[in-house]
Amino acid sequence: MAIEVRGVSKSFGRTPVLKDVSVDIVSGSLTALLGPSGGGKSTLLRVIAGLEVPDAGNVLISGVDATRLSPQRRNVGFVFQHYAAFKHLSVRRNVAFGLEIRKRPKAEIRARVDELLQLVHLEQFADRYPAQLSGGQRQRMALARALAVEPQVLLLDEPFGALDAQVRKELRTWLRRLHDEVHVTTVFVTHDQEEAMDVADEIVVLADGEVKQAGRPQDLYDNPASPFVMSFLGPVTELGGRLVRPHDIDVTAESVEGSTAAVVNRVVHLGFEVRVELTAGDRDVWAQITRGAAGRLGLQPGDTVHLRPVPAAKSLAAADA
Amino acid sequence: MSTPVLTQAGAPTGVPASARRRPRVGPGLGLGLAVLYLSLIVLFPLTVVAWKGVEGGAGAFWSAVTTPDSWAALKLTLGASALVAVINVVMGTLIAWVLVRDRFPGKALVDTLIDLPFALPTIVAGLVLLVLYGVKSPLHLNLAYTRAGVVIALLFVTLPFVVRTVQPVLQELDRDMEQAAFSLGAGPWLTFRRIILPNLVPAMVSGAGLAFTRAIAEFGSTVLLSGNLPFKTQVAAVNIFGRIESDDTASAAAVSTALLIVAFAVLIGLDLVQRWGSRRG
C-alpha cells in the first residue's frame, strides 16, 4: 500500500524536527529513510505510524488520510531499535499478541504464529522468553510480531542499530529476502548509507528536517543533487575545487591534458583497493585505485604524479570552493 | 535520532560483570561478618522470642494465643492488615503511576512527602491522626475508638512501601513496549492490562507484602486513635504490650511468635513470587 506524506512539519518545543516534508512511497517497495542523527528520519517514521502527531501536513496510507487516526487503527507494523519485546510473554505469545486482541480463533492463531516463526527461523524458540534470546533473535521475533497482523505497511526504526556488525549484515540480507517473499510496503530508518544501498529499492535522504533527495540508490550515488548527498552516500575528495568520487580519479605518471600535479604522501593497500593519499598544491586529496594500477605505477611516498577526473566522472562544485 | 548504542537488552551475552575476577578482601571475610551481624541483630533475638513462645509446649502456646482477648486482637490485626495491604496496593500503584507518568506543579514535593510516614515516629503519626480524626475532629469525622481508626492509621504508615517498590519498576518500564502494543491494535486500557500490569505485579505483590508485615507489627500509630479497647480495637502489638506489663512474658512471647510465623510465611510467599517473576524477567 502506498504511503504519501504531504507537507508534514513537526517541532519538539521550539526545535523544528521536520520542515514541510513530502515523500511518496510506492506500494510494495522497500524504502530507506537515510540521514545523519537528528535529521528527523525517526520522527517521520513515527508520524507515519501515528506515534507522533504532526503540527501540519497529512499522511495518506493507501489513499486514505490517516493523519488523525490513532496508531491502533492504522494497521501499521512497527519494529523498534531496541526490540520492545513483551518481556512477560513467551516468543509465541509475543507474536500472537496482535491476533489475540483481535479475538481470532485459537486454531487460526496457532497456525499463523507457527508459520511466522518458521519465516523468521524461531520455531525452536517458541516457548522461550525474550530475556533468553540474543539481540538478533529478539529483533526477528519483533518482526514476526509486527507481520502477524498483516499490516498495510511495515515500519522499522533503525532495526539493526543495536546489533553487532556480523548479525547486522546477516539480518539485512535476510530482511531483503523477506521483503521479496512478503511484498509488504516497507520503510526503514538507517544512518548507514551502506545498509541503505544494500537493502533498499528507494532511498530518501533526510537531513535538518528536510528531504535532500529521493530516488533509486544508483541514481542517488551517480547523480547527487548536492555536495551533502554526494558525501553522505559515498566517499568524496576535492580536486581542483570540485568534489569527485576517489574512484573517479585517474592517476598517471605523465602530465596529460587537464591534469593536476600532486605529491604522494602515503599508499595504503586494502586488498583489491589501494588508497593513495596525496597533496595537490596546498590541498589534501585521495584516490582509490586498483591493486593492478598501483603496481604498474609503482607508487612511493614522495613521487610526483598527475591527477584528473575520469571522463564520465560526476563532480560537483565544492561548497567551500 | 539514535546512534547504535548497546543497551542492556542488546548487549552481547558475554561474561557477566559479577563473574569477573576481582580482588578479594580475605577469603569469606564479608560472608563471615554478614552472618555474625545477622545472627546478633536478627536471628538470635527472634530465636529467643520463638523459644519463649513455645517453651511451655504446643498446648500452652495454643491456649495463650487463643485466650479470648489475644485471639480477638490477632484476628483484628490480621484482618485490618490484609485490608490495608489490598487498599494500599491499589492506591500506592496509582500514586506511583501519577508520580512517574504525569507532570504537575509540586510533583517533587509530593514525591518527598511519600516518605514522611517512614520518617515520622509512629507515635507522632498517631497524634496527628488523633487530632484529625479524634473526638474533636476538625473534619467532623470521628474515628476514635473504632476499627476504622485502626485501618486509617495502618494505611498511613504502610503507604510508602507500595509506592516505593512500584515506582522504580514503572520508571524502568520500556515505553516502546506500550507503543508496540498500540501499533498492534491495542487500546490504552488493553495495553495497561495486558502489557503494563503484568510487569508491575511482582513489585506490587512485594510492596503489599511489606505493607502487610509492617501493619501486623504496628503499635505507635494505632495506640492513640484506637483507644485499645479489648475485643474491639486492640491490635496484637498492644495486646502483647499489655501482657508484658502484667508480667505474663510467656503468653506475650506466644502471641509474638504467632505474629512472627505469619510474617515469615508472607515473606516466603513473596520470595516465591519474586522468583517466579524473575524467571520470566
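For the structure, see preceding data.
The shown structure was predicted, so the numbers you read here are calculated from the model rather than taken from an experiment. (Residues numbered from 1 in each chain as written. Chains lettered and ligands numbered in written order. Predicted model: local features only at pLDDT ≥ 70, side-chain atom pairs only at ≥ 80, totals over all residues. Heavy atoms only, no water.)

Our focus in this paragraph is the layout of surface pockets. Residue and element names in this part refer to chain B. Reported here for the second largest pocket is a volume of approximately 460 Å³. Along the wall of the second largest pocket there are 16 residues; nearest its centre are Leu46, Ser256, Leu259, Leu260 and Ala263. For the lining of the second largest pocket, the element with the most residues is helix 12 (residues 249-279), which contributes seven residues. When grouped by side-chain class, the residues that make up the lining of the second largest pocket number 13 nonpolar, three polar and no charged. (1 Å grid on protein atoms, 1.4 Å probe; cavity = no way out; pocket = protein on both sides within 12 Å on 5 of 7 lines; lining within 4 Å. Points joined across faces, edges and corners; volume = space filled by probe spheres on them. Helix = DSSP H or I, 4+ residues; strand = E, 2+ residues; numbered from the N terminus. Nonpolar A, V, L, I, M, F, W, Y, C, P; charged D, E, K, R; others polar.)

Right, let's get into the pairing of strand 7 (residues 153-157) of chain A. Residue and element names in this part refer to chain A. Of all the five residues making up strand 7, five are buried; the element is thus mostly covered by neighbouring parts of the structure. Looking at chain direction, strand 6 (residues 76-79) and strand 7 are connected through four bridges and run parallel. Within strand 7, the residue paired with Val76 across the bridge is Val153. Sheet topology places strand 7 next to strand 8 (residues 185-190); five bridges connect them, and they run parallel. Opposite Leu154, over in strand 8, you have Thr186 as the bridge partner. One crossover worth recording links strand 7 to the parallel strand 8 by way of helix 5 (residues 165-182), and it is right-handed. (Buried < 20%, exposed > 50% of the residue type's maximum accessible area, 1.4 Å probe, protein only. Pairing = 2+ DSSP bridges. Right-handed = clockwise from strand over helix to strand, strands pointing away.)

Further remarks concern the side chain of His306 of chain A. Mapping His306 of chain A onto the fold places it in strand 17 (residues 304-309). Apart from the residues within four sequence positions on either side, His306 of chain A is in contact with Asp250, Val251, Thr252, Ala253, Glu254, Ser255, Ser259, Thr260 and Ala261 of chain A. (Contact = heavy atoms within 4.5 Å.)

To continue, consider the interface of chain A and chain B. Taken together, the 40 residues of chain A in the interface contact 29 residues of chain B. Considering only the side of chain A, the residues that lose the most area to chain B are Gln72, Lys87 and His88 of chain A, jointly responsible for 21% of the buried surface there. Taken together, chain A and chain B are joined by one salt bridge. For Arg194 of chain B, the salt bridge goes to Glu100 of chain A, with nearest N and O atoms at 2.7 Å. In this structure, the connection of chain A to chain B is made through six residue pairs in polar contact (both at pLDDT 80 or more). The biggest single contributor to the side of chain A that touches chain B is helix 2 (residues 91-101) of chain A, with five residues. Here the residues of the side of chain A that touches chain B are counted per class, giving 17 nonpolar, 13 polar and 10 charged. (Buried area = accessible area lost by both parts, 1.4 Å probe. Salt bridge = Lys/Arg side-chain N within 4 Å of Asp/Glu carboxyl O. Polar contact = N/O pair within 3.5 Å; in protein donor to acceptor, adjacent residues only side chain to side chain.)

Tracing the sequence through the fold places His88 of chain A in the loop between strand 6 and helix 2. Within the structure, the side chain of His88 of chain A is placed 2.7 Å from the backbone oxygen of Arg194 of chain B, a separation counted as a polar contact. Of the polar contacts made by the side chain of His88 of chain A, one reaches the side chain of Asn199 of chain B; its length is 3.1 Å.

This paragraph deals with the sheet that holds strand 18 (residues 315-317) of chain A. All names here are of chain A. Pairing in this open sheet of three strands is antiparallel, and the strands run 11-12-18 from one edge to the other. The two strands at the open ends of the sheet, each matched to only one other strand, are strand 11 (237-239) and strand 18. Taking the axes of each pair of neighbouring strands and ignoring which way they run, one obtains an average angle of 40° across the sheet. (Axes fitted to C-alpha atoms, helices over the stretch in contact; angles between N-to-C directions.)

Residues and elements named next belong to chain A. In this structure the tally under the stated criterion is 29 salt bridges over all chains. The partner of Arg104 in a salt bridge is Glu108, with the nearest N and O atoms 3.5 Å apart. For Arg104, a relative accessible area of 34% translates into the label partly exposed. Judged by relative accessible area, which is 37%, Glu108 ranks as partly exposed. Close ionic contact of Glu150 with Arg112 constitutes a salt bridge, the shortest N to O distance being 3.6 Å.

Right, let's get into helix 4 (residues 135-148) of chain A. Residues separated by three or four positions in an α-helix point in the same direction, a consequence of the helix having 3.6 residues per turn. Residues and elements named next belong to chain A. Along its 14 residues, helix 4 runs 20 Å from first to last C-alpha, staying within 8% of the 20 Å computed at 1.5 Å per residue. Where burial is concerned, most of helix 4 is hidden: 14 out of the 14 residues are buried. Phi for Glu150, located one or two positions after helix 4, is positive at around 50°. (Expected span 1.5 Å × (residues − 1).)

So yeah, pure geometry; function would need other evidence.
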